[in-house]
Amino acid sequence: MSSAAIKTVLFVCGSYNPPTNMHLRMFELARDHLFKLGHTVCGGIMSPVHDKYGKKDLVSSKHRCEMVRLALEDSTWIKLSEWEAQQSEWTRTRVSLDHHEDELNQQLDAQCTNKTDVKRARHDQHNGSPRRKIQVMFLCGVDVLESMAVPNLWSADDINHIAGHHGIVVITRGDTNPAKFIYQHDILSKHMNKIIIVNEWIKNEISSTYLRRALRRGDSIKYLINDKVEQYIYQHGLYSVVESPHLEVSPILDLLSNLNNNFLPNGSPETHVNAPRDTCAQPASMHAHSKQQRALSRSNSSRGTLKSKSKVRATASGDKYDRVEFVIQDGVINVISDKEAQV
Ligand SMILES: Nc1ncnc2c1ncn2[C@@H]1O[C@H](COP(=O)(O)OP(=O)(O)OP(=O)(O)O)[C@@H](O)[C@H]1O
Ligand SMILES: NC(=O)c1ccc[n+]([C@@H]2O[C@H](COP(=O)(O)O)[C@@H](O)[C@H]2O)c1
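Residues numbered from 1 in each chain as written. Chains lettered and ligands numbered in written order. Predicted model: local features only at pLDDT ≥ 70, side-chain atom pairs only at ≥ 80, totals over all residues. Heavy atoms only, no water.

Looking at an unreviewed UniProt entry, one finds the protein named Nicotinamide-nucleotide adenylyltransferase and attributed to Diaphorina citri. Its UniProt record gives the protein the following Subunit (unreviewed entry) comment, quoted word for word: "Homotetramer." (UniProt positions renumbered as here; feature names shortened; annotations may be inferred.)

As structure tokens, this is what we get:
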């Protein structure tokens, strides 16, 4: 059977704590690469690890599965598998790969009502078992591949089976050299022909660790994670999130939208937000010292250069502040009072 006749399903197990955009990018990168090598990739599986895996800061699999489900709502070909999470204990990756491959092939066989097809499948024996029509390949980042050298973490037999039977697609991460690692590993080097390295040329160091840290500090995680997953994290207060960085500044946004219509197309200086009171006066997009500045900075930062032709005085309020007053003149926003609400 040629590699094009076997359908490939990519399988990634992991913590997904939380799922990041890079977790999904991995699938796209791998599919493009495999397509160029002549494989037919027909699906992807994300399999969140069991709670008993016991990794530090792991939130419950109920939340992690729900976050993966939300992240995948827009994907046409990658699906969540809750099988690992629903077992009574942690499952080795080899066992999970085998389970998903058997399950898919059985379902495909069951759909195969044509008797000759069934006969052919039975006849097509390979090492005593019916030849598979769907191959579930192990997709991982290079850190997981390298963990195969950690003593007692993976059994030699499992590595042999994962590389030899399933095949591995590995995505580069940081300044790593998977080819050298594979060469130095006795078992992996035996299966060099079944291990496909996909170079991520646009280095992307998004990790769940980085996002958890940002959330603990109240920093924004927008554009690193699916919007619905981000909302889910705030709604459920996951990862000791200190506050939503999205202060309610809609009145200011409305105001700026209106002002935009009054701005001249060319010629005026760039708009800056001057710091209120005694804080450093910097363009808000460079550094926001106070919460008010952060709020204004967010409302401004995506708008680029604004051109003003008139002086405007206005006030706006948010959920934490009862009133922010500012004047816009010659493209400069001057905050003139920023009274914090008494709670
Ligand atoms: N930026 C990345 N580049 C390449 N692979 C990645 C990247 N982020 C995650 N992966 C891969 O995604 C899979 C699942 O990742 P998992 O959620 O377990 O780890 P992680 O994102 O590194 O999380 P943490 O930071 O919590 O350790 C692993 O194979 C991991 O190597
Ligand atoms: N022996 C094994 O099968 C084995 C060992 C280590 C990690 N893993 C898997 O790798 C995935 C990623 O784990 P880490 O986040 O610890 O790198 C998890 O889904 C975990 O189950 C499997």
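There is more to say, and it comes next.
Colleague: When you look at helix α2 (residues 61-71) in this model, what are you seeing that I'm missing?
Modeller: Along an α-helix, residues three or four apart share an orientation, since each turn contains 3.6 residues. With eight of its 11 residues buried, α2 lies for the most part within the structure. Listed in full, the buried residues belonging to α2 are S61, H63, R64, C65, M67, V68, L70 and A71. Buried positions along α2 lie against α1 (21-36), β2 (40-48), β3 (78-80), α3 (83-86) and α11 (227-236). (Buried < 20%, exposed > 50% of the residue type's maximum accessible area, 1.4 Å probe, protein only. Helix = DSSP H or I, 4+ residues; strand = E, 2+ residues; numbered from the N terminus. Contact = heavy atoms within 4.5 Å.)

Colleague: When you look at the environment of K133 in this model, what are you seeing that I'm missing?
Modeller: As for its placement among the helices and strands, K133 is situated in the loop between β5 (129-130) and β6 (134-141). Judged by its relative accessible area of 24%, K133 is partly exposed. Along the chain, K133 and Q106 lie 27 residues apart, while their C-alpha atoms are 9.8 Å from each other. At 3.3 Å, the side chain of K133 forms a polar contact with the side chain of D109. (Polar contact = N/O pair within 3.5 Å; in protein donor to acceptor, adjacent residues only side chain to side chain.)

Colleague: Can you walk me through the site of ligand 1 in this structure?
Modeller: Not every one of the 20 residues close to ligand 1 is listed here, only the nearest: K55, G141, D143, N204 and T209. Coverage of ligand 1 by the protein chains reaches 93% of its 600 Å² of free accessible surface. Secondary-structure elements contributing two or more residues to the shell around ligand 1 are β1 (7-14), α1, β6, α6 (142-146) and α10 (208-216). (Near = heavy atom within 4 Å. Areas by Shrake-Rupley, 256 points an atom, 1.4 Å probe, with all protein chains shown as cover.)

Colleague: What should I look at first to understand the pairing of β1 in this one?
Modeller: The side chains of a regular strand alternate, first on one face of the sheet and then on the other. Burial analysis of β1 places six of its eight residues in the buried class, which makes it a mostly covered element. Bridge analysis of β1 against β2 gives eight bridges, and the strand direction is parallel. Residue pairing in the sheet places G14 in a bridge with P48 of β2. Read as a crossover between parallel neighbours, the route from β1 over α1 to β2 is right-handed. When β1 meets β6, the two strands line up parallel, connected through five bridges. Looking at β6, one finds that F11 is bridged to F138. (Pairing = 2+ DSSP bridges. Right-handed = clockwise from strand over helix to strand, strands pointing away.)

Colleague: Honestly, the packing of aromatic side chains in this entry has me stumped. Any pointers?
Modeller: How two aromatic rings sit relative to each other is set out by the distance from centre to centre and by the angle between their planes. On inspection of all chains with the given rule, the structure shows three aromatic pairs. Ring centres 6.4 Å apart and planes at 55° place the aromatic pair F138 and W154 in the tilted group. Here F138, found in strand β6, pairs with W154, found in the loop between α6 and α7 (156-166); they are 16 residues apart in sequence, far enough to count as distant. The residues F138 and W154 share a single accessibility class, namely buried. Across from the ring centre of W77, 4.2 Å away, lies the NZ or CZ of R31, which sits over that ring. K222 extends its terminal NZ or CZ atom over the ring of Y223, reaching a point 5.5 Å from the ring centre. (Phe/Tyr/Trp six-rings, centres within 6.5 Å; stacked < 30°, edge-to-face > 60°. Lys NZ or Arg CZ within 6 Å of the ring centre and 35° of its normal.)

Colleague: Hey, could you run me through the site of ligand 2 in this one?
Modeller: Around ligand 2, the structure places C13, G14, S15, V49, Y53, K55, W90, R92, T93, V144, L153 and W154. A distance of 2.6 Å is found between an oxygen atom of ligand 2 and a side-chain nitrogen or oxygen belonging to K55. Here an oxygen atom of ligand 2 and a side-chain polar atom of W90 are 2.9 Å apart. Burial of ligand 2 by the protein chains amounts to 89% of its free accessible area of 490 Å². The residue inventory of the shell around ligand 2, partitioned by class, reads seven nonpolar, three polar and two charged. (Nonpolar A, V, L, I, M, F, W, Y, C, P; charged D, E, K, R; others polar.)

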